[in-house]
Amino acid sequence: MLDLEALLRSRIVDVPDFPTPGVVFKDISPLLADHVAFAGAVDAVVAFHGRGTIDKVVGIEARGFLLAAPVAYQFGAGFVPVRKPGKLPLATLETSYDLEYGSNVLQMHEGALQPGERVLVVDDVLATGGTAAAACRLVREAGAEVVGLSVLLELGFLEGRALLHQAEPDLEVHALLQT
Ligand code: AMP
């Protein structure tokens with residue numbers, strides 16, 4: 001029988017000092033290039049929540065898109081991108097969040113989500129939790145319900161889950177792998 005967790009772990013590569021010194025970048029491109037690992041990850045996210053439970057999957061730029069789109073397809077749900085400023089062509093909702101130095105902005109098309117829709121947010125890595133919390137804010141601003149966050153990998157030592165639960169106490173956070 002396939003040990004999915006071991007397979008996924010073996011397909012995520014640590015890249016020290018990328019993109020800046022001191023950061024260990026978790027490169028998921030070998031996982032995406034392995035069709036068994038890629039399909040296994042997508043199917044595991046869908047199985048965790050169950051088909052028919054999600055109306056829309058929100059993917060976070062950029063690697064989040066690569067997982068969120070096939071997850072949405074397998075759910076029979078729609079896909080909605082959350083992007084950095086200047087990428088979405090129509091009117092947007094936007095929110096900002098603090099980084100160690102400076103801040104980031106995320107945007108989502110107005111009207112991409114309908115009030116009351118059940119939304120799963122998907123990204124590749126949960127680090128400090130700021131990005132995921134911002135995406136959840138956009139979903140709620142649109143009047144939709146965030147039913148969960150699914151990530152491939154949670155960097156546990158950064159305690160992003162705790163930050164997320166301060167902002168979103170009822171959010172179900174699901175990580176296929178944890179460090
Ligand atoms: P954060 O807001 O700190 O939780 O950061 C999460 C976002 O940054 C995700 O969209 C990830 O793609 C990216 N990210 C943060 N840390 C890493 C890392 N060590 N390796 C790969 N991606 C990361």
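K.L.:
Help me out: how do you make sense of the site of the ligand in this one?
P.N.:
The ligand sits among 13 residues. The nearest are Asp 123, Asp 124, Thr 128, Gly 129 and Thr 131. Asp 123 is positioned with one of its side-chain polar atoms (N or O) 2.6 Å from an oxygen atom of the ligand. Thr 128 places a polar side-chain atom, nitrogen or oxygen, 2.5 Å from an oxygen atom of the ligand. Here the ligand loses 82% of its free accessible area of 490 Å² to cover by the protein chains. Mapped by element, the contributors of at least two residues to the shell around the ligand are β2 (24-27), β7 (118-126) and α5 (130-141). When grouped by side-chain class, the residues that make up the shell around the ligand number 5 nonpolar, 4 polar and 4 charged.

K.L.:
Would you take a moment to explain the nonpolar core for this structure?
P.N.:
Nonpolar side chains in soluble globular proteins tend to end up buried together. Ranked by internal contacts, the top residues of the largest apolar core, which has 28 residues, are Val 58, Met 108, Leu 113, Val 121, Val 139, Leu 149 and Leu 164. The set of elements that each furnish at least two residues to this core consists of β3 (56-60), β4 (78-82), β5 (92-98), β6 (103-109), β7, α5, β8 (145-154) and β9 (173-178). Beyond its immediate stretch of four places on either side in the chain, Leu 149 contacts Leu 120, Val 121, Leu 126, Ala 132, Leu 164, Leu 171, Glu 172, Val 173 and His 174. In terms of nonpolar packing, the next biggest core, distinct from the first, is built from 26 residues, Ala 41, Val 57, Ala 72 and Leu 153 among them.

K.L.:
Teacher, can you tell me more about the sheet that holds β9 here?
P.N.:
Sheet strands pair via backbone hydrogen bonds, and the direction of the pair is either parallel or antiparallel. Spatial ordering of the open sheet is given by β4-β3-β7-β8-β9, a layout of 5 strands whose pairing is parallel. Edge positions in the sheet fall to β4 and β9, since each of these pairs with one other strand and no more. The mean inter-strand angle of the sheet, taken between neighbouring strand axes irrespective of direction, is 20°. Two elements, β7 and β8, share 8 bridges in a ladder whose sense is parallel. Residue pairing for β8: Val 121 is matched across the bridge by Leu 149. On top of the sheet, α5 reaches β3, β4, β7 and β8; it is set at about 165° to β7, its chief contact. In the packing of helix α6 (residues 160-167) onto the sheet, contacts are made with β7, β8 and β9, and the angle to β9 comes to roughly 175°.

Reading guide: rules and limits
- Residues numbered from 1 in each chain as written.
- Predicted model: local features only at pLDDT ≥ 70, side-chain atom pairs only at ≥ 80, totals over all residues.
- Heavy atoms only, no water.
- Near = heavy atom within 4 Å.
- Polar contact = N/O pair within 3.5 Å; in protein donor to acceptor, adjacent residues only side chain to side chain.
- Areas by Shrake-Rupley, 256 points an atom, 1.4 Å probe, with all protein chains shown as cover.
- Helix = DSSP H or I, 4+ residues; strand = E, 2+ residues; numbered from the N terminus.
- Nonpolar A, V, L, I, M, F, W, Y, C, P; charged D, E, K, R; others polar.
- Core = buried A, V, L, I, M, F, W, Y, C linked by side-chain atoms within 4.5 Å.
- Buried < 20%, exposed > 50% of the residue type's maximum accessible area, 1.4 Å probe, protein only.
- Contact = heavy atoms within 4.5 Å.
- Pairing = 2+ DSSP bridges.
- Axes fitted to C-alpha atoms, helices over the stretch in contact; angles between N-to-C directions.

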